[in-house]
Amino acid sequence: MAKGDPGAATRSKRAAPRTKRAAATGEPELVQLLTPEGERIESALGPDGTEYRVDFTDEEYRGLYRDLVLVRKLDAEATALQRQGELGLWASLLGQEAAQVGSGRALRTQDMAFPTYREHGVLYCRGIDPIMPLGLFRGVDQGGWDPNEFKFNMYTIVIGAQTLHATGYAMGVAMDGKTGSDEGEAVIAYFGDGATSQGDVNEAFVWASVFNAPLVFFCQNNQYAISEPLERQTRVPLYQRAGGFGFPGVRVDGNDVLASYAVTRHALDNARHGQGPSLIEAYTYRMGAHTTSDDPTRYRIASEVEAWQAKDPIARMKAFLTKQQIVDESFFAEVDEQARAESVHLRERVLAMPDPEPVTMFDHVYPNGSPELDEQRAQFSKYLESFEGSAH
Amino acid sequence: MATETLTLGKALNAGLRKALENDPKVVIMGEDVGKLGGVFRITDGLQKDFGDQRVIDTPLAESGIIGTAVGLAIRGFRPVCEIQFDGFVYPAYDQIVSQVAKMHYRSQGKVRIPMVIRIPYGGGIGAVEHHSESPEAYFAHTAGLKVVTCANPQDGYSMIQQAIASDDPIVFLEPKRRYWEKGPVELDAPLTDAYPLHAARVARPGTDATVLAYGPMVRTALDAATAAAEDGRELEVIDLRTLSPLDLTAAYESVKRTGRCVVVHEAPGNLGLGSEIAARITEECFYSLESPVLRVTGFDTPYPAARVEEEYLPDLDRVLDAVDRTFGW
Ligand SMILES: Cc1ncc(C[n+]2csc(CCOP(=O)(O)OP(=O)(O)O)c2C)c(N)n1
């Protein structure tokens, strides 16, 4: 699928009464366009009556599948690299590929994204080299891409902080007069279910609403914040929170790449046309550990994981492509081979990533430097030289 | 008396357990402290044994953790809050410095906030950003808060209990890189016999120079003293333990004997605790000093990427280097 601006999510707003067109797998109000069995659903209604549908070419379907597989494979490679001591930590997106690729592909070139530390799939969709986040997790840098160039901000580890940054950025977009047409800019802020408890996130909701910011809040509800299940964060479905803040909320099947795309594209378009913020709750599941230093067996039962395995985002896309005879077997083999080759390439480059020179820790503290820091750097260099020939 | 060899992490766990047993008003609250036992397992098994009303998994909201603990404290509970990592205390910073610290003062003593805020702090574990910070100076600068830090399992065990029993709000800093280091712990000694919470202690006696350290750097200072002894220099190492109030009685006495003083901490040097300590020692021991009080600290940069943290953190070599300089004056 072409980078940048693929496919078209069409939409139309209907007045009530609501019909449950796509009552999906036991979850209320879940917008779904592709069932776990790989059946296409023509269109689905959101809670406010918005009708969601997508109209992809076969080539675009293939592209989405390729994205999902590549993103999963690169993620698996990073997990393996951590296990082998090459990364200090890794936050895997396993299970969340559809939410990330769907929303990531819905972004237009001019749109800006504010991620957490788990958005490797969105990063990939933004055209950033997948090696980039590995520097942060290896401990050689703090993330190497240029947020301005790729319109994808730095990873944010402090939970929820980026939602306020996204809100301010979106306010700036509106102040610059860059909304109100199809060429308008929109902003997306990613966060987890746990993050919805943070003051920052709730303040972001208030600000975005009051200032009608062109912003999509994209919550990947993967059911856990480290060990704590969703019930420790909320008593109401998260998407319903939006109403209290004065903007629409919708829950989408986060394991359905088509619905994730359609819902995000719609919300982004609303934002770029000046219709203000909205909240998307992508209902999904974290298949692996929270990070590589977590032990999910302490708080999670195997049958739950199995139940979600049956909703796997890649398997359903594969079933769909096969059933519709959009591809033949050789396509899957070719995608697998590409994913394998890219992950091998990633591995080689990670192993070749050198440790930074110690003095680089003094770089970039201030844009124009500081005499005190220059002095500290000089002393530190002299100190290191005093070990000349030793291990230092 | 039962003396056991425990890691600092296990000693803290045992101390928390004792506190929960001894006082039904003690509650532990924080992110993942329940089933998971905390990301460092410091609260391991406590929810199982004391229930989810005493060991509370909170929503993911630090301002909420501290703010609701204030209310619980007003209501007569003794909350022990766990902040998961040093870099995540800042969302709660307003509650801590504006509310927790000032309630007793503002109410002219009528409202007490007997709260403990546990924070695993400091670097050296190869973590990503926001997981290796040393925020002690922010809190020590705030009147009304007390700030302590333990450096060995015995202190971990008794200081956490003393902090919980204290009516003051206490920021309790746990040197996370030392969680896995072992030492003897007397589990049955009554708390009243424990070394006082707000007093520094000589960790290793010596005669030639004084090294002041706290938290994670005590181990480093002791290692430096061992190395210095091989070269015939006897360093006295003092574990400060209490950062606010700062107890420098042992330090004054020591520096008056040795005439030389090096202060070590991980936090950046600029306006760090070392500055305060050096100033006070200079005032108190001026006529005994053979050389200026020197500081060995982290640099005035954000905490760097993990692969250079060993260079950022004061190590044995940098401590010995400073000791050499105090002799070179
Ligand atoms: C302010 C803050 N508090 C605590 C943490 C430690 N922490 C890191 S991830 C996490 C759970 C986040 O859960 P959620 O928001 O649901 O996102 P997920 O990781 O599940 O995608 C916690 C508690 C943090 N990074 N920032």
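Residues numbered from 1 in each chain as written. Chains lettered and ligands numbered in written order. Predicted model: local features only at pLDDT ≥ 70, side-chain atom pairs only at ≥ 80, totals over all residues. Heavy atoms only, no water.

A.B. asks: I would appreciate a short explanation of the UniProt feature "domain: Dehydrogenase E1 component" (unreviewed entry) in chain A in the present structure.
C.D. replies: As annotated by UniProt and renumbered to match this structure, "domain: Dehydrogenase E1 component" (unreviewed entry) occupies residues 68–348 of chain A. Taken end to end, residues 68–348 of chain A has its terminal C-alpha atoms 22 Å apart, with 46% of it in helix and 11% in strand. (UniProt positions renumbered as here; feature names shortened; annotations may be inferred. Helix = DSSP H or I, 4+ residues; strand = E, 2+ residues; numbered from the N terminus.)

A.B. asks: What exactly am I supposed to notice about the nonpolar core here?
C.D. replies: In terms of nonpolar packing, the biggest core is built from 104 residues, with Tyr 65, Phe 137, Leu 258, Met 317 and Leu 321 of chain A together with Phe 172 of chain B touching the most fellow members. Of all the elements, helix H1 (residues 58–83) of chain A adds the most residues to this core, at 10 residues. Filtering out sequence-adjacent residues up to four positions away, Phe 172 of chain B remains in contact with Leu 12, Val 116, Ile 117, Arg 118, Ile 119, Val 148, Cys 150, Gly 156, Met 159, Ile 160 and Ala 163 of chain B. One finds Ala 69, Leu 173, Tyr 252 and Cys 261 of chain B within the second-largest nonpolar core, a separate group that totals 45 residues. (Core = buried A, V, L, I, M, F, W, Y, C linked by side-chain atoms within 4.5 Å. Buried < 20%, exposed > 50% of the residue type's maximum accessible area, 1.4 Å probe, protein only. Contact = heavy atoms within 4.5 Å.)

A.B. asks: Please explain the pattern of salt bridges as it appears in this structure.
C.D. replies: Close approach of charged atoms allows side chains of opposite charge to pair. Summed over all chains, the structure comprises 43 salt bridges over all chains. Taking the shortest distance from any N to any O, the salt bridge between Asp 67 of chain A and Arg 105 of chain A comes out at 2.7 Å. With Asp 67 of chain A in helix H1 and Arg 105 of chain A in helix H2 (residues 97–106), the pair connects residues that are 38 residues apart, well separated along the chain. You'll find Asp 67 of chain A and Arg 105 of chain A in the same group, each marked buried. Arg 233 of chain B is paired through a salt bridge with Asp 324 of chain B; the nearest N and O atoms lie 2.6 Å apart. Linking Arg 233 of chain B in the loop between helix H8 (216–230) and strand S11 (235–239) with Asp 324 of chain B in helix H12 (residues 316–327), this pair joins segments that are 91 residues apart in sequence. Connected through salt bridges with shared partners, the residues Arg 108, Asp 111, Asp 182, Asp 269 and Arg 272 of chain A form a single ionic network. (Salt bridge = Lys/Arg side-chain N within 4 Å of Asp/Glu carboxyl O.)

A.B. asks: How do you make sense of a nonpolar patch on the surface when you look at a structure like this?
C.D. replies: On the surface, Val 206, Trp 207, Val 210 and Phe 211 of chain A cluster together into a nonpolar patch covering about 400 Å² of accessible area. Turning to its location among the elements, Trp 207 of chain A is positioned in helix H7 (residues 199–210). (Patch = residues over 30% accessible without salt bridge, like charges linked within 9 Å, V, L, I, M, F, W, Y side chains within 5 Å. Areas by Shrake-Rupley, 256 points an atom, 1.4 Å probe, with all protein chains shown as cover.)

A.B. asks: Sorry, what's going on with the sheet that holds strand S4 (residues 78–82) of chain B here?
C.D. replies: Strand pairing in a sheet takes place through backbone hydrogen bonds and is either antiparallel or parallel in direction. Residue and element names in this part refer to chain B. The strand order across the open sheet formed by seven strands is S3-S2-S4-S5-S7-S6-S12, and the pairing between neighbours is mixed. Here the strands that pair on one side only, and so sit at the sheet edges, are strand S3 (55–57) and strand S12 (242–244). Shown here is a sheet whose adjacent strand axes are inclined to one another by a mean of 20°, direction ignored. In this sheet, S12 lies alongside strand S6 (residues 146–149) in antiparallel orientation, the contact comprising two bridges. Within S12, the residue paired with Val 147 across the bridge is Ser 244. (Pairing = 2+ DSSP bridges. Axes fitted to C-alpha atoms, helices over the stretch in contact; angles between N-to-C directions.)

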